[in-house]
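# Analysis of the macromolecular model
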Amino acid sequence: LCLFVFYLKMEEGKTTMKEDVKFPEGCFPTMITPMNEDKSINFDNLEVLTEWYIQSGCTGLFANCLSSEMFNLSFKERLQITKVVNEKSAGRVTVVSSGGLNYDTIEEHADFVKEVFCYCDAVVIVANQLVEHITDGEDVWKRNAMKLLSLTDDIPLGLYECPQPFHYLLSPSLLEWAASTGRFYFHKDTCCRTEPIKEKIAKVKSLPAEIPFRFYNANVATLLMSLREGGNGFSGISANFYPHLLVWLTSNKDHENSDYVQTMLSIAENVVADSYPCSAKYFQSLFPNFEITTQCRCMSSGLSEEQKIKLAELHKMMNEVSKKIGVTPLSPIDVISS
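Residues numbered from 1 in each chain as written. Predicted model: local features only at pLDDT ≥ 70, side-chain atom pairs only at ≥ 80, totals over all residues. Heavy atoms only, no water.

## With respect to the sheet that holds strand β4 (residues 122-126)
Strand order in the open sheet made by the eight strands is β1-β8-β7-β6-β5-β4-β3-β2, with parallel pairing throughout. At either end of the open sheet lies a strand with only one pairing partner, and these are β1 (26-27) and β2 (60-62). As judged from the four bridges shared by β4 and strand β5 (residues 157-160), these two strands associate in the parallel manner. Of the residues in β5, the one forming a bridge with Val126 is Tyr160. (Pairing = 2+ DSSP bridges. Helix = DSSP H or I, 4+ residues; strand = E, 2+ residues; numbered from the N terminus.)

Shown next as structure tokens:
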């Protein structure tokens, strides 16, 4: 059925974007996967969270990524969560989802890309999946990327420097080459360093204006800097805690309070990242009347008393920061009742 949908898209001319279409600037949360106590996927809560992100102002959603515990999901589950998010969003935001994982051949990888594209606007290629070892050179990565491009029928793609199973970072020149192909609409950057981020943004900004490439920083500490350098937004883990704050910052890089918000988000990130994504699920459970478990497949679901105290204090800080900038946090329960 999925491949039928893909070929129907081909017939309708929907496997490519119009030349002047680019993905929106703003916040693309790296979505968590809510689970039941038995660690099966809670699709009802997945729909609630999808609506929560959208009503909080996010312009896109990264539906199947490391935050989603994608390495601990089956092939079928990765398709299912992408499909649910895409159907719930109903064209209101841009939906991207990771492509192949742990395939033996580029041909198998390409087949999964076609499957995923049935349910999203672009398929995100995990950078480390185009090499076998972290020491493989850029020539190897580029050769495999070119082969994948040739096998995927002009499907809009993205790039993701996923840190697992190993952190394969793209150099500014390699990212420039990828962007210049015109096939990549989305890039989630995880280098977390100021100078490489500046170089990467400068390289892609030098390309012709019709190139659809967009740069989304995953690192909170360097976010405001990257926005001021010409980056297009944020795609990182803290958007699972307070998406409205990331939405505000990506839209207000030159506001008088933007440096203050950046400082508070940077300080908070150590709490956010501790035992993530379990921490995100616990933080979401602190919103009034929203029932979500902390169950995860990728790690122990338990948090210490100290971790819970820090997350509760972070919840209070979120409210204080929100008040200062005049934004009201939205609780997931609000979207259930609306």
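## So, the layout of surface pockets
In this structure, the largest pocket encloses a volume near 500 Å³. Along the wall of the largest pocket there are 22 residues; nearest its centre are Leu66, Ser67, Pro163, Ile237 and Tyr276. When grouped by side-chain class, the residues that make up the lining of the largest pocket number twelve nonpolar, seven polar and three charged. Considered as a void within the structure, the second largest pocket measures approximately 310 Å³ in volume. Forming the boundary of the second largest pocket are 17 residues, of which Tyr103, Gln129, Leu130, Val131 and Glu132 lie nearest the centre. Contributions of two or more residues to the lining of the second largest pocket are made by α4 (106-117) and α5 (138-151). For the lining of the second largest pocket, the per-class residue count stands at seven nonpolar, seven polar and three charged. (1 Å grid on protein atoms, 1.4 Å probe; cavity = no way out; pocket = protein on both sides within 12 Å on 5 of 7 lines; lining within 4 Å. Points joined across faces, edges and corners; volume = space filled by probe spheres on them. Nonpolar A, V, L, I, M, F, W, Y, C, P; charged D, E, K, R; others polar.)

## A few points about the environment of Leu151
Structurally, Leu151 can be placed in helix α5. Once residues within four sequence positions are removed from consideration, Leu151 is found in contact with Ile106, Glu107, Ala110 and Lys114. (Contact = heavy atoms within 4.5 Å.)

## Digging into helix α6 (residues 172-180)
Within the span of α6, buried status applies to Pro172, Leu174, Leu175, Trp177, Ala178 and Ala179. Next to the buried residues of α6 lie α5, β5, β6 (184-189), α7 (194-205) and β7 (215-217). (Buried < 20%, exposed > 50% of the residue type's maximum accessible area, 1.4 Å probe, protein only.)

## Digging into the pairing of β4
Of all five residues that make up β4, five are buried, and the element is covered over most of its length. Taking every second residue as pointing to the same face, both faces of β4 are buried, with Ala122, Val124 and Val126 on one and Val123 and Ile125 on the other. In the sheet, strand β3 (residues 94-98) pairs with β4 via three bridges, with the strands oriented parallel. Along β4, the bridge assignment pairs Ser97 with Val123. A crossover links β3 with its parallel partner β4, the connecting element being α4, and its sense is right-handed. Between the parallel pair β4 and β5, the chain is carried across by α5, and the sense of this crossover is right-handed. (Right-handed = clockwise from strand over helix to strand, strands pointing away.)

## With respect to the pairing of β3
Along β3, five of the five residues are buried, which leaves the element largely enclosed by surrounding structure. Of the two faces of β3, the one carrying Thr94, Val96 and Ser98 and the one carrying Val95 and Ser97 are both buried. Bridge count for β2 against β3 is three bridges, and the pairing is parallel. Of the residues in β3, the one forming a bridge with Gly60 is Thr94. Since β2 and β3 lie parallel, the crossover through helix α3 (residues 75-89) that links them has a hand, and here it is right-handed.

## Some words on empty space enclosed by the protein
Using a probe with the size of a water molecule, rolled over the atoms, empty space left in the structure can be pinpointed. In total, this model carries one cavity of 30 Å³ or more according to the counting rule given. Residue lining of the largest cavity: Val271, Asp274, Ser279, Leu303, Gln307, Lys310 and Leu311, and that is the complete set. Take the lining of the largest cavity: its biggest share by element is three residues, from helix α12 (residues 305-325). Broken down by class, the residue content of the lining of the largest cavity amounts to three nonpolar, two polar and two charged.

## Re the nonpolar core
One finds Trp141, Phe241, Tyr242 and Leu314 to be the most contacted residues of the largest nonpolar core, which totals 96 residues. Once residues within four sequence positions are removed from consideration, Trp141 is found in contact with Ala127, Leu130, Val131, Leu159, Tyr168, Leu170, Leu174 and Trp177. Judged by nonpolar contacts, the second largest core, of 15 residues, contains Phe28, Ala122, Tyr185 and Tyr216. (Core = buried A, V, L, I, M, F, W, Y, C linked by side-chain atoms within 4.5 Å.)

## Regarding the pattern of salt bridges
As enumerated under the stated definition, the model contains 15 salt bridges in all. Lys203 is the salt-bridge partner of Glu176, the closest N and O atoms lying 3.8 Å from each other. With Glu176 in helix α6 and Lys203 in helix α7, the pair connects residues that are 27 residues apart, well separated along the chain. A residue is classified by how much of its surface remains accessible, and Glu176, at 21% relative accessible area, is partly exposed. Judged by relative accessible area, which is 32%, Lys203 ranks as partly exposed. Arg228 serves as the salt-bridge partner of Asp259, at 3.3 Å between the closest nitrogen and oxygen. Here Asp259, found in helix α10 (residues 258-273), pairs with Arg228, found in helix α8 (residues 223-229); they are 31 residues apart in sequence, far enough to count as distant. Among the ionic contacts, a cluster of salt bridges with common partners joins Glu161, Asp189 and Lys200. (Salt bridge = Lys/Arg side-chain N within 4 Å of Asp/Glu carboxyl O.)

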